[in-house]
Amino acid sequence: VMVYAFDDIKTYMKEHILKDKILSHLIDKGQSGDTIANISDNFNIDYYYVSYCVDYLIQDNLIDIFDISNADSLPKDKIVNINHRGRFFLNQSGGYTKSQKMLTINKRYTQAKTIMTILNALAIIYIGYWGVKVADKSNKLDNAQIQPIVTGKHFLAFEIGRAHV
């Protein structure tokens, strides 16, 4: 299931793109990190959606989180900071965008293999059917009896497909 959010120019942004933008934003912020509310305001995206993406980044161990909420703040805000694994994932591995692209390529490759397997099976069935039809026709020719036909002065014998005088 692909999740979308509005970005700052009011077009749809896929979840993997937003996660990469969050990681890139945290790299730009340096060691001080940034709050989820500031990231939400910076990208003009709903706080809860950014928080949802941040939770996945935390589960993937790409960012560290520090709770700064007090009793008065709703929702509870947190400071997030990218760690070394997150930097490596974005800069060297290509981030979530490259991972999504590889998943798409693998999915299409699997679909192509399935289609080719089906076409191969249909070709084998067709060749088998054709082979049985040719063999059946050959057997009919081998087992055909010569039927004599008398016409005038000549005796003609016909076999299927051939005439003998």
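The structure under discussion appears in the preceding block.
Each residue is numbered by its place in its chain's sequence as written, counting from 1. In view of the model being predicted, local features appear only for residues whose pLDDT reaches at least 70, and side-chain atom pairs are presented and counted only at 80 or more, with totals across whole chains, interfaces and linings using the full set of residues. Excluding hydrogens and water, the side-chain values take into account all heavy atoms of the structure.

As for the overall build of the protein
Our working rule: Think of it this way: any DSSP run of H or I at least four residues long counts as a helix, any run of E at least two long counts as a strand, and we number them from the N terminus.
Each helix and strand in the protein was counted, giving five helices and eight strands. Scanning the protein from its N terminus toward the C terminus, one meets helices and strands in the order β-β-α-β-α-α-β-β-α-α-β-β-β.

Points about the nonpolar core
Across soluble globular proteins, nonpolar side chains show a tendency to be buried alongside one another. Defined as follows: Residue types Ala, Val, Leu, Ile, Met, Phe, Trp, Tyr and Cys, when buried and joined through side-chain atoms within 4.5 Å, form a set referred to as a nonpolar core. Think of it in three bands: residues with accessible area under 20% of the maximum for their type are buried, residues over 50% are exposed, and the middle band is partly exposed, with areas taken using a 1.4 Å probe on protein chains only.
In terms of nonpolar packing, the biggest core is built from 21 residues, with Ile22, Leu23 and Ile63 touching the most fellow members. Counting only elements with at least two residues in this core, the list comes to helix 1 (15–29), helix 2 (36–43), helix 3 (47–59), strand 5 (78–82) and helix 4 (84–91).

A look at a nonpolar patch on the surface
Rules: Patch rule: a residue counts if its relative accessible area is over 30% and it has no salt bridge; like charges are joined within 9 Å, and nonpolar side chains (Val, Leu, Ile, Met, Phe, Trp, Tyr) within 5 Å. Here the Shrake-Rupley method, with its probe set to 1.4 Å, supplies the accessible areas, and only the displayed protein chains count as covering residues. Any Lys or Arg side-chain nitrogen located within 4 Å of an Asp or Glu carboxyl oxygen qualifies as a salt bridge.
Among the surface-exposed residues, Ile115, Met116, Ile118, Leu119, Leu122 and Ile125 lie close enough to one another that they form a single nonpolar patch of about 620 Å² accessible area. Its location among the elements puts Ile118 in helix 5 (residues 95–143). Since its relative accessible area comes to 47%, Ile118 is described here as partly exposed.

Here's the deal with the pairing of strand 5
Here is the rule we go by: Following DSSP output, two strands are said to pair if at least two bridges run between them.
As defined by bridge partners, strand 3 (residues 34–35) adjoins strand 5 across two bridges and the pair is classed as antiparallel. From the neighbouring strand, Thr35 faces strand 5, where its bridge partner is Ile79. Here strand 4 (residues 63–67) runs beside strand 5; their pairing, made up of five bridges, is antiparallel. Residue pairing across strands places Ile63 opposite Ile82, the latter belonging to strand 5.

Describing helix 4
The criterion, for reference: Taken from the helix axis, the directions to the C-beta atoms give the arc we talk about. Polar contacts here mean pairs of N or O atoms no more than 3.5 Å apart (in protein, one a potential hydrogen donor and the other a potential acceptor; neighbouring residues in sequence count only if both atoms are side-chain atoms).
Turning to helix 4, its buried residues number three or more, namely Gly86, Phe89 and Leu90. All buried residues of helix 4 fall inside an arc of 90 degrees around its axis, so they share one side. Exposed residues lying more than 90 degrees from the buried face of helix 4 are His84, Phe88 and Asn91. Its side-chain oxygen placed 3.2 Å from the backbone nitrogen of Arg85, Asn83 serves as the N-cap of helix 4.

Quick word on the sheet that holds strand 3
In space, the three strands of this open sheet follow the order 3-5-4, with antiparallel pairing throughout. Looking at strand neighbours, the two that pair on one side only are strand 3 and strand 4, the edges of this open sheet.

Overview of the packing of aromatic side chains
Applied cut-off: Pairing of aromatic rings covers Phe, Tyr and Trp, the last counted by its six-membered ring, and requires centre-to-centre distances within 6.5 Å; plane angles under 30 degrees mean stacked, over 60 mean edge-to-face, and any other angle means tilted. Only lysine NZ and arginine CZ atoms are considered, and such an atom sits over a ring when it is within 6 Å of the ring centre and within 35 degrees of the ring normal.
On inspection of all chains with the given rule, the structure shows four aromatic pairs. Ring centres of Tyr49 and Tyr52 lie 5.9 Å apart, and the angle between their planes is 25 degrees; on these two criteria the pair is classed as stacked. Remark: Tyr52 and Tyr49 occur in helix 3; sequence separation between them is three residues, near one turn of the helix. Here Tyr52 falls in the partly exposed class, since its relative accessible area comes to 31%. Here Tyr52 and Tyr56 contribute two aromatic rings whose centre-to-centre distance is 5.1 Å and whose plane-to-plane angle is 75 degrees, an arrangement assigned as edge-to-face. You can see Tyr52 and its partner Tyr56 sitting in helix 3, four residues apart, about one turn around the helix. Of the aromatic side chains, those joined through ring pairs into one cluster are Tyr49, Tyr52 and Tyr56. Geometry around Tyr96 places Lys19 over its ring, the cationic atom sitting 4.8 Å from the centre.

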